[in-house]
Amino acid sequence: MRNILLATAAISLFSVPAMAQTVSSPQWSGSVGYTALDGDNVDLGAITGRATARLHPNFAVEGEASIGVKDDDITVAGVNGSVEHDYDAALYAVGVVPVSPNFELFGRVGYGTTSIKADIAGVSAQEDGESVNYGVGGTYYLNAQNGLRADWTRRDFTDDNGGEIDTYGVSYVRRF
């Protein structure tokens, strides 16, 4: 039994450096672009920024934040008003499938928060919602550092009101 334990310990000591060599430092990229938010009878727009850490050729983690830049006019019971996207933030796990040296497809799943403001007949209200997010997209790299990204993400809100928002984004990507 003692020999088995010593052999297992020795194998473990030799395998740790080998395992460390297969995990390289993350490849970082950032992106900025426009995101259209398509919800129940509202169409909003936002500027979105992302930071992505590629941990493996097929896996990354991503942080995302958006600030609203396009409001929508609405009518409720004959009264005019407006809805605006205040902000959102989310974290994602991303699976990546390289299709060619310059093109890759990805799927992502994460959790986020969104803040929406409404103003109807001088009465303002703000609603914050937590959501489970999932989506797909693709990135085409023009060269080693610069690329273009297009994606679709659904936000399934977890609060009592529930609901969904589909987002469609186009971004410039820069690898560091």
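Keep in mind the model is a prediction, meaning the values are calculated, not measured.

Student: Would you mind going over the overall build of the protein chain in detail, with residue names and values included?
Tutor: For the protein chain, the count of helices and strands is 1 helix and 9 strands. Reading the secondary structure of the protein chain in the N-to-C direction produces α-β-β-β-β-β-β-β-β-β. Residue burial in the protein chain is summarised as follows: out of 176 residues, 35% are buried. Restricting to contacts in the protein chain with at least 6 residues of sequence separation, those with at least 24 account for 53%. Surface exposure of the protein chain reaches about 10300 Å², of which carbon and sulfur atoms provide 63%.

Student: Which residues make up the nonpolar core, and what values do they have?
Tutor: In terms of nonpolar packing, the biggest core is built from 9 residues, these being Leu 37, Val 42, Leu 44, Ala 46, Ile 74, Val 83, Ile 116, Phe 157 and Ile 165. Considering every element that reaches this core, the biggest residue donor is strand 2 (residues 42-56), with 3 residues. Apart from the residues within four sequence positions on either side, Ile 116 is in contact with Leu 44, Val 83, Glu 84, His 85, Asp 86, Ala 125, Gln 126 and Glu 127. Listed in part, the 6 residues of the second largest apolar core include Tyr 92, Val 94, Val 96 and Phe 106.

Rules of the game
Residues numbered from 1 in each chain as written. Predicted model: local features only at pLDDT ≥ 70, side-chain atom pairs only at ≥ 80, totals over all residues. Heavy atoms only, no water. Helix = DSSP H or I, 4+ residues; strand = E, 2+ residues; numbered from the N terminus. Buried < 20%, exposed > 50% of the residue type's maximum accessible area, 1.4 Å probe, protein only. Contact = heavy atoms within 4.5 Å. Areas by Shrake-Rupley, 256 points an atom, 1.4 Å probe, with all protein chains shown as cover. Core = buried A, V, L, I, M, F, W, Y, C linked by side-chain atoms within 4.5 Å.

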